[in-house]
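Report on the structure
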Amino acid sequence: METKISRPMRIMSARNIHDLLSETFSVYASSFRDFVAVAAVVHIPVALVTLGVSISFPQTSTLALLLTSIISMYGVTLGYAAGVHGVCLHYLGGDVDLGKCYTKSVGKAKTLAVFTGLLATLLFLPMILLLQSNGVVVFLAGIITLPVFVLGLYLSFVVQVAMVEGVTINSALRRSFELVRGSWWRVFGITVVLFLVVLGVRIVVNIPFAILFEGLSIEQVSVLNQRLAILVTAISSIIALPVLFIFSTLLYYDLRVRKEEYSLVDMSSETGIAYNV
């Protein structure tokens, strides 16, 4: 069923890095509670799973850590995808509805699961190889790290493509590659800025907790450290994730505007969200 929108259509235009940053925080501020709710839906269960694993496996377990990381990645990908749909709702004049965002995201669960598996492979394979004692294996891991990074950047918009354009995983992979092709260095530079901004947001969120625990003794901190780290990570992630998916989605729009003269008419047609001019 289509979502009826009553606000006039806004023209989409190309954006520079300043525009992307400014618009990201403007969009975030306009629907702060809604976007935080989207992030919280996944990060709270992820935090509980991580806490459960830390209690069940007090000694570091590589397998437990790997499984927890993959589960967390899939959860965050679902939340990220829901946020992408929320950004579309915002630009077409609708409310960022939590139910609609996750209905759309869960509808792409299979595609997102395959993509998460691909990401996990790209991320963890070099790391696992680097931890080996065999010098040849470590050397090979070092060689493949750069190509993996380059490939990863080409796949930056797979989730946006899947959620907005509604295509399968194979088509989404090809489409993301096509969008980044010819703009790799620009996307790389903007991604570095995004990384620094998200890092800054997380540091700012963590400051009150650092002040709160400043008076604790070393013994008290060590006892609480692991549990508190999980809690603080969850809170900072909930606040930071919307910055990530809003900014990245705006960059996706920008690439399409530059390459295809993308408009809200196209977005409405692809997502099934109607609007009244």
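Let me sum up the structure you'll find in this document. (Residues numbered from 1 in each chain as written. Predicted model: local features only at pLDDT ≥ 70, side-chain atom pairs only at ≥ 80, totals over all residues. Heavy atoms only, no water.)

1. Focus: the pattern of salt bridges
Note the following rule: Salt bridge, as used here, is a side-chain nitrogen of Lys or Arg placed within 4 Å of a carboxyl oxygen of Asp or Glu. Only DSSP runs of H or I covering at least 4 residues are called helices, and only runs of E covering at least 2 are called strands; the numbering of each starts at the N terminus. Throughout, exposure labels follow a simple rule: accessible area from a 1.4 Å probe, protein chains only, divided by the maximum for the residue type, with under 20% read as buried, over 50% as exposed, and the rest as partly exposed.
One pass over the structure, following the stated rule, counts 8 salt bridges. Of the charged contacts, one joins arginine 175 and glutamate 260 as a salt bridge, the two residues approaching to 2.7 Å between their closest N and O atoms. With a gap of 85 residues between them, arginine 175 in helix α8 (residues 169-180) and glutamate 260 in helix α10 (residues 218-260) connect regions that are remote in the sequence. Judged by its relative accessible area of 14%, arginine 175 is buried. In this structure, the salt-bridge partner of glutamate 260 is arginine 256, at a minimum N-O distance of 3.0 Å. Note that glutamate 260 and arginine 256 are positioned in helix α10 at a spacing of 4 residues, about one turn of the helix. With a relative accessible area of 5%, arginine 256 lands in the buried category.

2. Remarks on the nonpolar core
Just so we agree on the cut-off: Buried Ala, Val, Leu, Ile, Met, Phe, Trp, Tyr and Cys residues form a nonpolar core when they are joined through side-chain atoms within 4.5 Å. Whether two residues are in contact is decided by their heavy atoms: any pair within 4.5 Å suffices.
The biggest cluster of nonpolar side chains holds 66 residues, and the ones touching the most others in it are Phe35, Tyr91, Val159, Phe245, Ile246, Tyr253 and Met267. No other element matches the 13 residues that α10 contributes to this core. Each residue touching phenylalanine 245, except ones within four places of it in the same chain, is listed here: Phe35, Val38, Gly79, Tyr80, Gly83, Val84, Val87 and Gln160.

3. Some remarks on helix α1 (residues 17-30)
Turn by turn, an α-helix covers 3.6 residues, leaving residues three or four places apart pointing in a common direction. Here is the rule we go by: A helix is expected to span 1.5 Å for every residue after the first. The directions considered for the arc are those from the helix axis to the C-beta atoms. Polar contacts, as used here, are pairs of N or O atoms within 3.5 Å; protein pairs need one atom able to donate a hydrogen and one able to accept it. Residues neighboring in sequence count only if both atoms are side-chain atoms.
In this model, α1 (14 residues) spans 20 Å end to end at C-alpha, consistent with the 20 Å of a helix rising 1.5 Å per residue. By the burial criterion, the buried members of α1 are Leu20, Thr24, Val27 and Tyr28. When α1 is viewed along its axis, its buried side chains cluster within an angular range of 100 degrees and face the same direction. Looking at α1, the residues exposed on the side facing more than 90 degrees away from the buried face are His18 and Ala29. A distance of 3.1 Å separates the backbone nitrogen of histidine 18 from a side-chain oxygen at the start of α1, and that oxygen is part of asparagine 16.

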